[in-house]
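Structural description and commentary
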Amino acid sequence: MPLDLTARPEHKFTFGLWTVGNRGRDPFGEAVRPKLEIVPMLNGLAELGVYGVSFHDDDMMTFGAPEAERRAELDLFKKTLDETGLVCSMATTNLFYHPIFKDGAFTSNDPQVRRFAIQKAMRNLDVAAELGAPTYVFWGGREGVETAASKDTRDALSRYAEALDFLAGYVKDKSYDIRFALEPKPNEPRGDIFLPTVGHALAFISTLDNREMVGLNPEVAHETMSGLSFYQGVAQTLWQDKLFHIDLNDQRIGRFDQDFRFGSEGIKDHFFLVRLLENSGYSGVKHFDAHAYRTEDTAGVWDFARGCIRNYLALAAKAREFDQDPRVAKAMAYSGVAQLAEPTVGPYTTEAAAGLMGEHFDIEALAQRGFGNEALDQLVVDHILGIA
Ligand code: GLT
Ligand code: MN
Ligand code: MN
């Protein structure tokens, strides 16, 4: 049966306005593509079978423009969402572009900047609520330092937590149905960014007063920049019930934040990631936060967007095929995959401890066991290569 690689809204694929809207600017060169206006952008995404879109306040409403002008931009966005059937799946604040944020937003040393940053987020939370966005992302791109002499990190984290708790209070006070998702990143644009990895961010959330409404928005590229396994980060985030959103793209280890087309680089890592998302019961959106190569014109942007979706659906099909292969079931049984789901000793009781103390282990026999991981992994590779 030929693979069906057609996206449908129920797949819940989403794109940020800034992704297909990316004009190819980088630190060494100016824009290479014309501005893609909101109406053709949303029409193009809807034609691809996309479910929804996300935005920064400043992607959609001109920063600093008179209220009437911003209202007109918002109304056009709403009208186009209605016409295309796309939903607004996530909103976020641009707290990184304007020079006012050069020393940070929630963690700027200047209290006036910090107060302005919180106000900017409050204003856009009102817009997010109006558009029905269930998730609000916080990517703290400017929350960091070049020189550690410039901030006491412990104070910065206190101000970060204070801002998020204040904004959570605002959401509750207004009875908005919105949850927060923090997006870790190790560096770029700052020399060091606070909350650099999934692990740092999970630990930070546990200190918040409103920790129940704050989860994560991990991004493939950002964990990979640190040389960490994105798969392992997402698995732990799921285990802690904190996967509120996900930024899908691609990246090579040790490079700048490349934001490549999903599935264009780490195909094996992505096979495991897609299999995890598909099998875990994750029901949130699959958000592509990536952009086309700088070599591309507008046609290339649509090739890029189609490619993200095509690679996800193809890997999901490969994952299903892998999970249905009886040789895989046998290899997994040999490796003991299901045995890891069995409790080891159960909860502590005096009797259980005494029972364990009385047990004898055949250490030699246990040490000799092979786990068959080579054969199991070769089945993974065979499925990915289409030679299984
Ligand atoms: C910016 C960043 C992304 C974040 C976006 C949300 S903005 O493009 O590189 O990783 O997800 O603020
Ligand atoms: Mn991102
Ligand atoms: Mn990125």
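Residues numbered from 1 in each chain as written. Chains lettered and ligands numbered in written order. Predicted model: local features only at pLDDT ≥ 70, side-chain atom pairs only at ≥ 80, totals over all residues. Heavy atoms only, no water.

1. Section: the overall build of the protein chain
Applicable threshold: Strands are runs of DSSP state E lasting at least two residues, helices are runs of H or I lasting at least four, and both sets are numbered from the N terminus onward. Only protein chains enter the accessibility calculation, which uses a 1.4 Å probe; a residue is then buried when its area is under 20% of its type maximum, exposed when over 50%, and partly exposed in between. For this analysis, residues touch if any pair of their heavy atoms sits within 4.5 Å. Surface exposure here means Shrake-Rupley accessible area, sampled with a 1.4 Å probe, where a residue is shielded only by the protein chains that are shown. Positive charge is attributed to Lys and Arg, negative charge to Asp and Glu, and no charge count is given to His or to the chain ends. Every charge is mapped onto a representative atom, which is NZ of Lys, CZ of Arg, CG of Asp or CD of Glu.
In terms of regular secondary structure, the protein chain is built from 15 helices and ten strands. A principal-axis box enclosing the C-alpha atoms of the protein chain has dimensions of 75 × 55 × 40 Å. Considering the protein chain as a whole, with its 388 residues, one finds that 47% of them fall into the buried category. Long-range pairs, those at least 24 residues apart, make up 78% of the contacts in the protein chain with a sequence separation of at least 6. Roughly 20000 Å² of accessible area belongs to the protein chain as shown, and the carbon and sulfur atoms make up 55% of that amount. One finds the centroid of the 40 positive side-chain charges in the protein chain at a distance of 3 Å from the centroid of its 57 negative side-chain charges.

2. Details of the coordination of the manganese ion (ligand 2)
Formally: Metal coordination here is assigned from N, O and S atoms located within 2.8 Å of the ion, or within 3.2 Å for Na, K and Ca; omission of water means that sites may look incomplete. Square planar and octahedral assignments, for four and six donors respectively, both demand that opposite donors be over 155 degrees apart and that all other angles lie between 65 and 115; tetrahedral needs four donors with all angles between 85 and 135 degrees, and anything else is irregular.
Around the manganese ion (ligand 2), the protein contributes the donor atoms Glu183 (OE), Glu219 (OE), Asp247 (OD) and Asp289 (OD), which lie 2.0 to 2.2 Å from the metal centre. One way to put it: the six donor atoms around the manganese ion (ligand 2) meet at angles of 75 to 165°, and that makes the site octahedral. Along the chain, the residues that donate to the manganese ion (ligand 2) are spaced as E-x35-E-x27-D-x41-D. A gap of 4.7 Å separates the manganese ion (ligand 2) and the manganese ion (ligand 3), which Glu219 links by coordinating each metal.

3. Regarding the sheet that holds strand β6 (residues 179-183)
How we decide: Strands are treated as partners if at least two bridges between them are detected by DSSP.
Spatial ordering of the open sheet is given by β8-β6-β4-β3-β2-β1-β10-β9, a layout of eight strands whose pairing is parallel. In this open sheet, the two edge strands, each paired with only one partner strand, are β8 (214-216) and β9 (247-248). As defined by bridge partners, strand β1 (residues 13-16) adjoins strand β2 (residues 52-56) across three bridges and the pair is classed as parallel. The residue of β2 that forms the bridge with Thr14 is Gly52.

4. Re the coordination of the manganese ion (ligand 3)
Within the protein, the atoms that donate to the manganese ion (ligand 3) are Glu219 (OE), His222 (NE2), Asp257 (OD), Asp257 (OD) and Asp259 (OD), at distances of 2.0 to 2.5 Å. Going along the chain, you hit the donors of the manganese ion (ligand 3) in the pattern E-x2-H-x34-D-x1-D.

5. Some details on the site of ligand 1
Condition: What makes a residue near a molecule or strand is one non-hydrogen atom of that residue sitting within 4 Å of it. Any N or O atom pair separated by 3.5 Å or less is treated as a polar contact, with the protein-specific requirement of one donor-capable and one acceptor-capable atom, and with residues adjacent in sequence counted only for side-chain atom pairs. Throughout this entry, Asp, Glu, Lys and Arg are counted as charged residues, while Ala, Val, Leu, Ile, Met, Phe, Trp, Tyr, Cys and Pro are counted as nonpolar. The remaining residues, Gly among them, count as polar.
All residues adjacent to ligand 1 are Trp18, His56, Thr92, Phe96, Trp139, Glu183, Glu219, His222, Asp247, Asp257 and Asp289. In the environment of ligand 1, an oxygen atom lies 2.8 Å from a nitrogen or oxygen atom belonging to the side chain of His56. The side chain of Glu183 places a nitrogen or oxygen atom 2.6 Å from an oxygen atom of ligand 1. Within the complex, 91% of the 310 Å² of free accessible area of ligand 1 lies under protein. Taken together, the residues of the shell around ligand 1 break down into three nonpolar, three polar and five charged.

6. Structural notes on the pattern of salt bridges
Keep this limit in mind: Counted as salt bridges are all cases of a side-chain nitrogen of Lys or Arg within 4 Å of a carboxyl oxygen of Asp or Glu.
A complete count under the given rule lists 22 salt bridges for this structure. Salt-bridge contacts for Glu162 lead to Arg159; the nearest nitrogen and oxygen are separated by 2.6 Å. Within this pair, Glu162 and its partner Arg159 are both found in helix α6 (residues 153-173), separated by three residues, close to a single helical turn. On the basis of relative accessible area, Glu162 is assigned to the partly exposed category, the value being 45%. Residue Arg159 is classed as partly exposed on the basis of its relative accessible area, which comes to 29%. Salt bridges sharing partners connect three or more residues here, namely Arg71, Asp75, Lys78 and Glu130.

7. Considering the pairing of strand β4 (residues 135-139)
In terms of residue burial, β4 counts as a mostly covered element, since four of its five residues are buried. Alignment of strand β3 (residues 87-92) against β4, held across three bridges, turns out to be parallel. Paired with Met90 across the two strands is Thr135, which belongs to β4. Looking at chain direction, β4 and β6 are connected through five bridges and run parallel. Following the sheet pairing, Tyr136 is matched in β6 by Phe180.

8. Observations regarding helix α7 (residues 198-205)
This is how it is decided: The directions considered for the arc are those from the helix axis to the C-beta atoms.
When α7 is considered as a whole, its buried residues turn out to be Val198, Ala201, Leu202, Phe204 and Ile205. Each buried residue of α7 sits inside an arc of 160° when the element is viewed along its axis, so together they form one side.

9. Focus on the side chain of Asn22
Take Asn22: it is sitting in the loop between α1 (17-20) and α2 (38-47). Those residues within four positions of Asn22 in sequence are excluded, and the remaining contacts are Arg33 and His291.

10. Structural notes on the packing of helix α12 (residues 326-335) against helix α15 (residues 373-385)
Our working rule: Interaxial angle, 0 to 180 degrees, is taken between N-to-C directions of lines fitted to C-alpha atoms, where a helix line uses only the stretch in contact. An angle below 35 degrees is read as roughly parallel, one above 145 as roughly antiparallel, one from 65 to 115 as roughly perpendicular, and any other as oblique. With the far helix as reference, a near helix turned anticlockwise by less than a right angle produces a left-handed crossing, and one turned clockwise produces a right-handed crossing.
At a minimum axis distance of 9 Å, the contact between α12 and α15 shows a crossing angle of 150°. Put simply, α12 runs roughly antiparallel to α15. When the axes of α12 and α15 are compared, the crossing they make is left-handed. Counted together, Arg327, Val328, Ala331, Met332 and Ser335 of α12 and Asn373, Leu376, Leu379 and His383 of α15 form the full contact between these two elements. The residue makeup of the contact of α12 with α15, split by class, is five nonpolar, three polar and one charged.

11. Examining the packing of helix α10 (residues 267-279) against α15
Between α10 and α15, the shortest axis-to-axis distance is 11 Å and the interhelical angle comes to 100°. Considering the angle they form, α10 stands roughly perpendicular to α15. Of the residues in α15, those touching α10 at Ile267, Lys268, Phe271 and Phe272 are Asp377, Val380 and Ile384. For the contact of α10 with α15, a count of residues per class yields five nonpolar, no polar and two charged.

Interpretation note: all reported values are geometric properties and have no functional meaning in isolation.
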